[in-house]
Amino acid sequence: MGRPSLRSAGLLLCTAFMASSASALDYYVYPIREIEGLNLEGKARTARPLIDSRMYSVFTREVQKKLLGEFGTALASAYPASIVHASQVRDVKKGSYAYLSEGVACGQGSFAVPVNAAYAMVLGVTRASLYVVEKGANVELLMPVTLNVQALKAERSKLAYVASSTQYTTLVVNKAELGQKSTDALLAQAVVANTEKQIRALVTDVREHFSPQQKPVKLTHKVGDYWVTDQGYGVGFVTGEDLEASDPARPEQDALVFKVISTDQHYTVLKALSGAPQLNASYQFVFSSLGSDGSKPRVMPVYSATPEGQAGYIAADLFSKNIGFSAPFTLAPVDINFADTMASVRQQANCAPWDKYPSSKQVYDSRSDAPDFFVRFGVWNTPVFVQTGAGGVNSEEKFGTLVAGTLVDKAGNAIFSELGSDQYVIKRTSGAGLALASAKEISSKNAVVDLSQRFLKNVRFDVRDYVISEARPGQFMVQGLQLNEGQDITFDVLHPLGVKQGGAAVLVKLAAEAADAPPQSKGSGTLFSYRNLDPRNYPAVSNGDIFRVVAASRAGVPDLASCGPVSGATGSLNGDFLGAVIEHAVGHAANYNLQISDTAFFSAANTLLHDGFYQLRLTPPAAPAACYKAGYVLKAGERQCNAEGCGAKLVLGLRATIQGKAGVLKDAMAGENIQISGAHESQVENLAGYQALQSSSNVASELLKRLNAK
């Protein structure tokens, strides 16, 4: 196998790049010799809250060394003519290829590669849990471990590709053996064996699907400091990135550096940071990942990096993986450990001229391209309903999973929400079968897939364009737009460059953000105050610019927040998941504007914004004049038992009470009576909770009708 070069993999990643001709590209990889997430030097274990502290006794230094050895061996096998040691990463290429696997001192060694032609390969553990389930005299240990391999363009602080998977190691031991050294050794042995297989599979994934490309791009227009190209985001352009480009006609010249100002389907707008580009010249750009449609709104999945937030983390991660290019938005996920990862890369590749590449050291609060919206997740499970067959040998454990996803704007308005669910059955023989904790993770994944599909099918943005007039420093007027007092709006400002490319007018999305002063509708338009978040690269708003409404909170209706957690009527079974069902109905009620007041959500979002280097911080909305109190009834009536089991009448009711300062404004209720049967007497209540999730959708639809009724 030769050095990596351009090839067709027949997959989406490569398809986007193969739209037109591209030339072979030599590149190198260098493994980072520590496992991101397990290296706690100078940190407390709480710095990695998604890794159970008990798992550090499994991933000892000796185990980590063994896994890193496997990682290096797998990379050397996948890249036999292009793997180098981190110490071989320098400023320029020198000598004939040689892998100096033990490393060399800076300035020494027979072979070196330039940092801008190399990718750091980082092995990381993002989550490791330990579940202990008692089974009579034994205990079952379940250890899900989420592992990833990242390919980093380190001099640009860019994640070029990531492969990720979760493996489940199970071990059954006698209770008396728990905590013994021999048991710990057996546990570590099992985890290491599975993790080594996982490492090899992930490296294979990276080798097959990660394919940096060298692509010719022509500069077709020059408008002021901006250059317009003949290629859009499809080749790999992403707004905000700095990219190098070489002139094939002058290979001896230093590479040019461009900043991506704006990108669309037919074109990209660049600004030259170094060099002297020539109009109508074609330059070779290196793209190492998929591009991003800069015309779509950006959405950040929000999760809390706490042990209690694991379910939300899994939901956010899976949601990101299930949202494709057909979505009417692009995702802006944040890796909270990225700063630590980059610090490790710079430390190990310490012969590279990092000072020559300022982008390798991202500065907190430096990014102006903040997300437009945020997704808040919630995950719930119903009680587990157990059915035992004749003779007690075979049994089934049934439960449901509900996942809620709410699209929230910067002001805290719930713009859209959707629910996803899954019904899961564990089949057991003589008690043997899938561990419940493992089944719940699988069910959560299924529910998130359902949520993602519903989200893509139903989410819509009410996009409308207006013309800007009366632009002056910090303010502009939007003609023809009228807003209600207190109405929030998400918008973009697009600056026409006065040229066309690919038949489309070239527009630059400006770095204009609404200022603290609220918009004021007067006469035939609305006056906006704004601030330019990046005046070095983007002009101020000017007359004739396009004001694009992306989304707006509901107009002419009262704001509404939650009064507090959902509560069950006296004598009700536990049905906390019904709170999400009620919130979903309230959020879709046309005569209210739901606002999210969950302080934990805003705290988690701001942590991600900080770790993603964004300037933006969210502030929870002020408490509105009205709130809704969510309540439910979930009761199983008198049991009726026979030879086939017990049944009962299930009473399921949902309630949303709108409360204002003067008292109750509306009291909406809906319910159903459902006959349940076939349960052991001890399982009737669990069956009621399990059935409630399946029946809640119909009841919620009726609740929505009553909320909308005048």
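Source: prediction; values computed, not measured.

About the thresholds
- Residues numbered from 1 in each chain as written.
- Predicted model: local features only at pLDDT ≥ 70, side-chain atom pairs only at ≥ 80, totals over all residues.
- Heavy atoms only, no water.
- Buried < 20%, exposed > 50% of the residue type's maximum accessible area, 1.4 Å probe, protein only.
- Helix = DSSP H or I, 4+ residues; strand = E, 2+ residues; numbered from the N terminus.
- Pairing = 2+ DSSP bridges.
- Salt bridge = Lys/Arg side-chain N within 4 Å of Asp/Glu carboxyl O.
- pLDDT = per-residue confidence, 0-100.
- Axes fitted to C-alpha atoms, helices over the stretch in contact; angles between N-to-C directions.
- Parallel < 35°, antiparallel > 145°, perpendicular 65-115°, else oblique.
- Left-handed = near helix turned anticlockwise from the far one by under 90°.
- Contact = heavy atoms within 4.5 Å.
- Nonpolar A, V, L, I, M, F, W, Y, C, P; charged D, E, K, R; others polar.
- Polar contact = N/O pair within 3.5 Å; in protein donor to acceptor, adjacent residues only side chain to side chain.
- Phe/Tyr/Trp six-rings, centres within 6.5 Å; stacked < 30°, edge-to-face > 60°.
- Lys NZ or Arg CZ within 6 Å of the ring centre and 35° of its normal.
- Disulfide = S-S within 2.5 Å.
- Core = buried A, V, L, I, M, F, W, Y, C linked by side-chain atoms within 4.5 Å.

**Things to note about the pairing of strand 11 (residues 256-263)**
The side chains of a regular strand alternate between the sheet's two faces.
Part 1 of the argument: Judged by how many residues are buried, strand 11 sits mostly within the fold: eight of eight residues are covered.
Part 2 of the argument: As judged from the four bridges shared by strand 10 (residues 242-246) and strand 11, these two strands associate in the antiparallel manner. Bridging across to strand 11, Glu244 finds its partner in Val257.
Part 3 of the argument: Both strand 11 and strand 12 (residues 268-274) contribute to a ladder of six bridges, which runs antiparallel. Residue pairing for strand 12: Val260 is matched across the bridge by Leu270.
Part 4 of the argument: As consecutive antiparallel partners, strand 11 and strand 12 are separated by four residues.

**A short note on unusual backbone geometry**
Part 1 of the argument: Of note, the phi angle at Asn280 is positive, near 70°, even though the residue is not glycine.
Part 2 of the argument: Along the chain, Asn280 turns up in the loop between strand 12 and strand 13 (282-287).
Part 3 of the argument: For Asn280, a relative accessible area of 48% corresponds to the partly exposed category.
Part 4 of the argument: In this structure, Phe613 is a non-glycine residue whose phi angle is positive, near 70°.

**What about the pattern of salt bridges?**
Part 1 of the argument: Evaluation of the coordinates by the stated rule reveals 26 salt bridges.
Part 2 of the argument: A salt bridge links Lys361 to Asp355, with the nearest nitrogen and oxygen atoms 3.7 Å apart.
Part 3 of the argument: Residue classification places Lys361 among the partly exposed residues on the basis of a relative accessible area of 42%.
Part 4 of the argument: In this structure, Arg706 engages Glu702 in a salt bridge whose closest nitrogen and oxygen atoms are separated by 3.1 Å. Within this pair, Arg706 and its partner Glu702 are both found in helix 9 (residues 684-708), separated by four residues, close to a single helical turn.
Part 5 of the argument: Exposure remark for Arg706: the relative accessible area of 41% places this residue in the partly exposed category.
Part 6 of the argument: Beyond isolated ion pairs, a larger network of salt bridges with shared partners links Arg376, Glu583 and Asp598.

**Regarding the confidence of the model for the protein chain**
Part 1 of the argument: This prediction gives the protein chain a mean pLDDT of 90; 95% of its residues lie at or above 70.
Part 2 of the argument: Within the protein chain, the element-level pLDDT minimum falls on helix 1 (residues 12-17), averaging 37, and the maximum on strand 9 (residues 226-229), averaging 98.

**Structural notes on the packing of helix 4 (residues 310-322) against helix 6 (residues 436-458)**
Part 1 of the argument: At a minimum axis distance of 9 Å, the contact between helix 4 and helix 6 shows a crossing angle of 50°. Classified by the angle between their axes, helix 4 and helix 6 sit oblique to one another. The two elements helix 4 and helix 6 meet at a crossing, and its hand is right-handed. In contact with Ile314, Ala315, Leu318, Phe319 and Asn322 of helix 4, helix 6 contributes Glu441, Lys445, Val448, Val449, Leu451, Ser452, Phe455 and Leu456.
Part 2 of the argument: Considering only residue class, the contact of helix 4 with helix 6 consists of nine nonpolar, two polar and two charged.

**Focus: the side chain of Asn606**
Part 1 of the argument: Among the structural elements, Asn606 can be located in helix 8 (residues 599-611).
Part 2 of the argument: Assessed through its relative accessible area of 18%, Asn606 is described here as buried.
Part 3 of the argument: Among the polar contacts listed, one links the side chain of Asn606 to the backbone nitrogen of Leu618, at a separation of 2.7 Å.
Part 4 of the argument: When neighbours within four sequence positions are excluded, Asn606 is seen to be in contact with Arg617 and Leu618.

**Regarding the packing of aromatic side chains**
Part 1 of the argument: By the definition in use, this model includes 25 aromatic pairs.
Part 2 of the argument: Their ring planes at 75° and their centres at 5.2 Å tell us that Tyr303 and Tyr313 sit as a pair that is edge-to-face. Separated by ten residues along the polypeptide, Tyr303 in the loop between strand 14 (298-301) and helix 4 and Tyr313 in helix 4 bring together distant segments of the chain. We note that Tyr303, like Tyr313, is buried.
Part 3 of the argument: Taking 4.8 Å as the distance between ring centres and 25° as the angle between the ring planes, the aromatic pair formed by Phe491 and Phe547 counts as stacked. Placement of Phe491 in strand 22 (residues 489-501) and of Phe547 in strand 27 (residues 546-552) is noted, with a sequence separation of 56 residues between them.
Part 4 of the argument: A residue is classified by how much of its surface remains accessible, and Phe547, at 0% relative accessible area, is buried.
Part 5 of the argument: An aromatic cluster is present here, built from Phe319, Phe329, Phe377, Phe416 and Phe455 joined pairwise through their rings.
Part 6 of the argument: Sitting above the plane of the Tyr119 ring, Lys153 keeps its charged end 5.4 Å from the centroid.

**With respect to the packing of helix 2 (residues 61-78) against helix 3 (residues 181-209)**
Part 1 of the argument: Helix 3 packs onto helix 2 with a crossing angle of 30° between their chain directions and a minimal axis gap of 9 Å. Between helix 2 and helix 3, the angle falls in the class roughly parallel. Between helix 2 and helix 3 lies a crossing whose hand is right-handed. Contacts between helix 2 and helix 3 involve Val63, Lys66, Leu67, Glu70, Phe71, Ala74, Leu75 and Ala78 on the former and, on the latter, Val192, Thr195, Glu196, Ile199, Arg200, Val203 and Arg207.
Part 2 of the argument: For the contact of helix 2 with helix 3, the residue count by class is nine nonpolar, one polar and five charged.

**Section: the sheet that holds strand 12**
Part 1 of the argument: The six strands are arranged 8-9-12-11-10-13 in a closed barrel whose pairing can be described as antiparallel. Within this sheet the neighbouring strands show an average axis-to-axis angle of 45°, counted without direction.
Part 2 of the argument: Where strand 8 (residues 213-223) and strand 13 come together, six bridges link them in antiparallel fashion. Bridging across to strand 13, Pro216 finds its partner in Gln284.

**A short note on the state of the cysteines**
Covalently bonding the sulfur atom of one cysteine to the sulfur atom of another cysteine gives a disulfide.
Part 1 of the argument: This model, assessed by the stated rule, comprises three disulfides.
Part 2 of the argument: Cys563 shares a disulfide with Cys627; S-S distance 2.0 Å. Handedness here is read from the sign of the S-S torsion; for Cys563 and Cys627, about 95°, the answer is right-handed. You can see Cys563 sitting in the loop between strand 28 (559-562) and strand 29 (567-568) and its partner Cys627 sitting in strand 31 (residues 626-636), a full 64 residues away along the chain.
Part 3 of the argument: Listing the disulfide partners of the protein chain by sequence rank of the bonded cysteines yields 1-2, 3-4, 5-6.

**Here's the deal with the nonpolar core**
Part 1 of the argument: Ranked by size, the top nonpolar core spans 89 residues in total, and within it Phe374, Leu407, Ile582, Leu654 and Leu707 carry the most contacts.
Part 2 of the argument: The element best represented in this core is helix 9, accounting for ten residues.
Part 3 of the argument: Counting 45 residues, the second-largest nonpolar core is a separate cluster that includes Tyr27, Tyr56, Leu67 and Val206.

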